[in-house]
Amino acid sequence: NIAAFIAFALYARHSYALGFPEFIDYLADTTIALAFVTLTSFSVFVINRRALDQMEHDLDDRERAERTLVESQRRLADIINFLPDATFAVDLDRRVTIWNGAMEELTGIPASGIIGTRAYSVPFYGHERPALLDYVLDHSAETRTLYPEIREEGDTATSEIFVPELGADGAYLWSTAKPLYGPDGKVTGAIESIRDITERRKQESEKARLEEHLLHAQKMESVGRLAGGVAHDFNNLLTTIMGNTSLVMMDLGTGNPASAQLRDVMKAAESASALTKQLLAFSRKQALEPRETDVNR
């Protein structure tokens, strides 16, 4: 179109007596207008064509998506039923929609007997009461009081609780709950996973008891080492005291008035020496020497 226009303009230039500057301006303006109209028409054509193609693809994708959704729901149900943790889910009306095999094993209630009902708390507590998944749906303060150790991270809540009604002696349960969302991002229900950690709590309690005994033994060992070190150093000091006292007593003789006081010093040093021997025995640095003792004496 532009080439035809340029040829026409060159042909008609002399008929209209256009000067060269006017001719160039006319040629440039019309060329730009033709280019704009051509590009606009082509863009509209491309957009309409793509819209038609997209509609065809959307119809195909919708059919495939529906088939995929049905298949994914079936796989999800199989996966949840295979989970080792007891898992159940409810809709916004608090009716049970999922009750997997581990939940059946934990509670003794088959899925057929509870799906569609609101009695998901009865197998645990013997009566209806809010569960952890109720909290992630309504964030009720009343429900929060039932789970004092609840921890929240995003839209997920975890908690540990003792259920005295479950089993012969009660059970410790660790639960995780979060909302379920639909394709539009709106909450459609909630799911909760429960794990029986009673045996783990018993093991932790036994571990804590053994650690306490070990700590006590380590403390006693440290005290023994300290006692041995003190006794050894103190015994060296007593050796000096007793040796020098003996020399002074020999120089003074028995008639000197200070001899009696020196004998008291010697007796005190000997008593201290006996005490250091006991400390060394306590620290296991010296062999025990058991002997008969006259209790009356």
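Residues numbered from 1 in each chain as written. Predicted model: local features only at pLDDT ≥ 70, side-chain atom pairs only at ≥ 80, totals over all residues. Heavy atoms only, no water.

Engineer: An account of the sheet that holds strand S2 (residues 96-99) is requested, with residue identities and associated values reported.
Structural biologist: What the six strands build is an open sheet, ordered S2-S1-S6-S5-S4-S3; its pairing is antiparallel. Each edge of the open sheet carries a strand with a single partner, namely S2 and strand S3 (151-153). The average undirected angle you get between the axes of adjacent strands in this sheet is 20 degrees. Where strand S1 (residues 86-91) lies against S2, three bridges are found, and the strand directions are antiparallel. Paired with Val-90 across the bridge in S2 is Val-96. Helix H7 (residues 198-252) rests against strand S4 (156-163), strand S5 (171-181) and strand S6 (187-196) of the sheet, and its axis sits at about 130 degrees to S5. (Pairing = 2+ DSSP bridges. Helix = DSSP H or I, 4+ residues; strand = E, 2+ residues; numbered from the N terminus. Axes fitted to C-alpha atoms, helices over the stretch in contact; angles between N-to-C directions. Contact = heavy atoms within 4.5 Å.)

Engineer: Residue-level account of the pairing of S6, with values.
Structural biologist: Where S1 meets S6, six bridges bridge the pair, whose relative direction is antiparallel. Each residue of the ladder has a partner; that of Thr-87, found in S6, is Ser-193. Pairing of S5 with S6, which is carried by nine bridges, proceeds in the antiparallel orientation. Opposite Leu-180, over in S6, you have Gly-189 as the bridge partner. Between S5 and S6, which follow one another and run antiparallel, lie five residues, and Gly-185 among them has a positive phi close to 85 degrees.

Engineer: Lay out the pattern of salt bridges in plain terms, naming residues and giving numbers.
Structural biologist: Within this structure, the stated rule accounts for 10 salt bridges. Taking the shortest distance from any N to any O, the salt bridge between Arg-94 and Asp-134 comes out at 2.7 Å. Of this pair, Arg-94 sits in the loop between S1 and S2 while Asp-134 sits in helix H5 (residues 132-138); the two residues are 40 residues apart in sequence, bridging distant segments of the chain. When salt bridges with common partners are traced through the structure, they connect Arg-94, Asp-134 and Asp-138 into a single cluster. (Salt bridge = Lys/Arg side-chain N within 4 Å of Asp/Glu carboxyl O.)

Engineer: Which residues make up the side chain of Ser-273, and what values go with them?
Structural biologist: Structurally, the position occupied by Ser-273 is in helix H8 (residues 258-282). Judged by its relative accessible area of 13%, Ser-273 is buried. What Ser-273 contacts, discounting residues up to four positions off in sequence, is Asn-235, Leu-238 and Met-242. (Buried < 20%, exposed > 50% of the residue type's maximum accessible area, 1.4 Å probe, protein only.)

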